[in-house]
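# Report on the structure
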Amino acid sequence: MKTQPLYLLIRFNPSSDPTSPFHPPTRMGDGSPNYTVDEALVAMGFGNFQILVLAYAGMGWISEAMEMMLLSFVGPAVQSAWGLSSHKESLITSVVFAGMLVGAYTWGIVSDNHGRRKGFLITAVVTSAAGFLSAFSPNYISLVTLRCLVGVGLGGGPVLSSWFLEFVPAPNRGTWMVIFSGFWTVGTVLEASLAWYVMPTLGWRWLLALSALPSLLLLVFYRVTPESPRYLCLKGRKTEALSILEKIARMNRAELPSGILVSDHQAKVPEKSNPTEGTKLLSTEADARPSYKDMDSNMGGISSLFMLLSPKLVRSTLLLWMVFFGNAFSYYGLVLLTSELNNRHNKCGVDELQSEKAQNINYKDVFITSFAEFPGLLLSAATVDRLGRKLSMSAMFFLCCIFLFPLVFHQPQGLTTVLLFGARICMTVTFTVVYIYAPEIYPTSVRTTGVGVASSIGRIGGMVCPLVAVSLVHGCHQNTAIIVFELVIFLSGICVTLFPFETKGRELKDTVSSSEQINSLL
């Protein structure tokens, strides 16, 4: 005789909404209460433990900012010292982005499959070693090779941001990720200050060596860093995950929810004995159907990449790639464009000026310009949790277009500086918010791979932007360069509006399957 299917009776009400970070711990099939990592973090709040995690991850962000910022100082100095051509000088910058292109994808896969700690350990070793050794480069080839290796190490930056994100309670995530992004600005200002002091007296080799120190500090304090409890829970290592959550509770002087720790896709909604109006019937036969939940947590590198392009994630992935490309192209392009338009205002096609420029960098102006990012950070903090991620990014992309449009035509130098300053504020906001949004749209099983690959696409934008920001301006095509920037920035804003969902206040999901279930409810 054919058996009748069993049904779970689930009442949909605000308290059981799985998209809310405040819904109470649920119960397993045997009636015992359980809770997820997100519920535990919300219960314990943001406290002393997260501040220490923020300090460590922030040091890594400072390290990457300093290594990127020094490119604008070392290139001209090496060109002057070794008599390099403009092409060889630009290659010193391009190889760093090329290395980051490789590193961002590689370290994302390593951290998704072997742990966040192993991911940022390897990146810190590679960055600090190659960065310090590059100060002793005897010739051009060795310098370019070592700087490329530095880029490979810097590609692991998204691993640290994802690691920190997985310790932050959902209600505070936007604000604290903006604060985390502030470490990048600290790094740029610190590098500009260091260059202002070191370059005129000690030279570029000392700048390279001293800029490697933050990466070394990551190695010094590595042993005290915890693994992500979300990653451990996904991999079935719940005892280790619980141990870390208990440590967080002790340091934050809080208590864990009562019950058993489970992965978010194992958590069940409370069971009701009698169906009433508004009740939905879900057959338990669905549990017996083929599922990819377990496969999500044990994917290899190629499988992770294919998962990003699966029907469930392909739209978000492709749009995110375009936004990362536009962000990197525009941000680094504006930094170069500011220097080119101020140093060569209305002067183009004069190659003789290049060697003079290499020897007369105005470090004071670069230092002051670096502070343009602080208003951007404040604006990010004010909008990311009020307006949401999508509206914050799209509004700033379109506002940046407005700032840049007057530069299609010749403007006085003072007005040019003001307009570029405003545009850089806008791009700081978009860059900050996209690094908050990107880890939130991916489940834990592919989070650092997804952000790493998107970051790699961004590095391509970083490699291409000198052709527009420098070459076109040198060739007397300033208006063409501005129009190209306008198009890229405008299209990036359109892509943001096409993202499938907003992530403000949402819990992070562990698997693609659980992420899809939440998205279907939005």
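This one's a predicted model, so the numbers in the text were calculated from it and none came from an experiment.

### Brief notes about the overall build of the protein chain
- When helices and strands are counted, the protein chain shows 23 helices and five strands.
- Here the protein chain holds 522 residues, and 54% of them are scored as buried.
- The contacts in the protein chain between residues at least 6 apart in sequence include a share of 84% that link residues at least 24 apart.

### Observations concerning the packing of helix α19 (residues 389–404) against helix α22 (residues 478–497)
- Interhelical geometry of α19 versus α22 gives an angle of 160° and a closest axis separation of 8 Å. Our classification of the angle between α19 and α22 gives roughly antiparallel. Seen from above, α19 lies across α22 with left-handed handedness. Residues Lys390, Met393, Ser394, Phe397, Phe398, Cys400, Cys401 and Leu404 of α19 lie in contact with α22, whose contacting residues are Ile482, Phe485, Glu486, Ile489, Phe490, Ser492, Gly493, Ile494, Val496 and Thr497.

### Regarding the packing of aromatic side chains
- This model, assessed by the stated rule, comprises 18 aromatic pairs.
- Residues phenylalanine 164 and phenylalanine 180 carry aromatic rings whose centres are separated by 5.5 Å and whose planes lie at 25° to one another, so their mutual orientation is stacked. With phenylalanine 164 in helix α7 (residues 157–165) and phenylalanine 180 in helix α8 (residues 173–198), this pair connects stretches of sequence that are 16 residues apart. For the pair formed by phenylalanine 164 and phenylalanine 180, the shared burial category is buried.
- Taking the centre distance of 5.6 Å and the plane angle of 50° together, the rings of phenylalanine 398 and phenylalanine 490 count as tilted. Residue phenylalanine 398 is found in helix α19, and its partner phenylalanine 490 is found in helix α22; the two are separated by 92 residues along the sequence.
- Within the aromatic cluster, the residues linked to one another by ring pairs are Trp61, Phe164, Phe180, Trp184, Phe324, Tyr331, Phe431 and Tyr435.

### Looking at the confidence of the model for the protein chain
- The pLDDT averaged across the protein chain works out to 75; a share of 74% of its residues lies at or above 70.
- Mean pLDDT across the elements of the protein chain bottoms out in strand β5 (residues 279–283) (32) and peaks in α19 (91).
- In the predicted structure, residues 1–26 sits below a pLDDT of 50 and forms 68 contacts with residues beyond four places in sequence or in another chain.

### Quick notes on the pattern of salt bridges
- Overall, the coordinates contain four salt bridges when judged by the stated rule.
- For glutamate 166, the salt bridge is made with arginine 116, and the minimal N-O distance between the two is 2.7 Å. With a gap of 50 residues between them, glutamate 166 in the loop between α7 and α8 and arginine 116 in helix α5 (residues 116–134) connect regions that are remote in the sequence.
- Look at glutamate 166 and you get buried, because its relative accessible area is 0%.
- A relative accessible area of 0% means that arginine 116 is categorised as buried.

### What about the nonpolar core?
- By size, the foremost hydrophobic cluster in this structure holds 122 residues, and its most contacted members are Met68, Phe164, Leu320 and Leu404.
- The greatest single-element share of this core, amounting to 14 residues, is contributed by helix α20 (residues 413–441).

### Remarks on the environment of serine 380
- Along the chain, serine 380 falls in helix α18 (residues 373–383).
- On the basis of relative accessible area, serine 380 is assigned to the buried category, the value being 0%.
- Separated by 52 residues in the primary sequence, serine 380 and threonine 432 place their C-alpha atoms 7.1 Å from one another.
- If we ignore the near neighbours within four places in the chain, the residues touching serine 380 are Val178, Thr428, Val429, Thr432 and Val433.

### Section: the packing of helix α2 (residues 48–69) against helix α6 (residues 140–154)
- It is the contact of α2 with α6, at a shortest axis distance of 11 Å, that shows an interaxial angle of 150°. With respect to their mutual orientation, α2 and α6 come out roughly antiparallel. Crossing handedness for the pair α2 and α6: left-handed. Contacts between α2 and α6 involve Glu64, Glu67 and Met68 on the former and, on the latter, Arg147, Val150 and Leu154.
- Looking at side-chain class alone, the contact of α2 with α6 contains three nonpolar, no polar and three charged residues.

### Quick look at the environment of glycine 326
- Along the polypeptide, glycine 326 turns up in helix α15 (residues 314–343).
- Between the alpha carbons of glycine 326 and isoleucine 489 there is a distance of 6.1 Å; along the sequence they are 163 residues apart.

### Some words on unusual backbone geometry
- Even without glycine at this site, arginine 253 takes up a positive phi of about 55°.
- You can see arginine 253 is positioned in the loop between α12 (238–252) and β4 (260–261).

### Details of α12
- With 15 residues, α12 ought to run about 21 Å at 1.5 Å a step, and its terminal C-alpha atoms sit 21 Å apart, in line with that.
- Those residues of α12 lying buried are Ala241, Ile244, Leu245, Ile248, Ala249 and Asn252. The arc that holds every buried residue of α12, seen down its axis, measures 145°, which confines them to one face. Residues of α12 that are exposed and point over 90 degrees away from its buried face: Thr239 and Arg250.
- Along its buried surface, α12 packs onto α1 (37–44), α2, α11 (229–234) and β4.

### Let's talk about the environment of glycine 493
- Relative to the assigned elements, glycine 493 resides in helix α22.
- Taking relative accessible area as the criterion, glycine 493 reaches 0% and is therefore assigned buried.
- Sequence spacing of glycine 493 and glycine 326 is 167 residues, and the spatial spacing of their C-alpha atoms is 9.0 Å.

Rules of the game
Residues numbered from 1 in each chain as written. Predicted model: local features only at pLDDT ≥ 70, side-chain atom pairs only at ≥ 80, totals over all residues. Heavy atoms only, no water. Helix = DSSP H or I, 4+ residues; strand = E, 2+ residues; numbered from the N terminus. Buried < 20%, exposed > 50% of the residue type's maximum accessible area, 1.4 Å probe, protein only. Contact = heavy atoms within 4.5 Å. Axes fitted to C-alpha atoms, helices over the stretch in contact; angles between N-to-C directions. Parallel < 35°, antiparallel > 145°, perpendicular 65-115°, else oblique. Left-handed = near helix turned anticlockwise from the far one by under 90°. Phe/Tyr/Trp six-rings, centres within 6.5 Å; stacked < 30°, edge-to-face > 60°. pLDDT = per-residue confidence, 0-100. Salt bridge = Lys/Arg side-chain N within 4 Å of Asp/Glu carboxyl O. Core = buried A, V, L, I, M, F, W, Y, C linked by side-chain atoms within 4.5 Å. Nonpolar A, V, L, I, M, F, W, Y, C, P; charged D, E, K, R; others polar. Expected span 1.5 Å × (residues − 1). Arc of directions from axis to C-beta.

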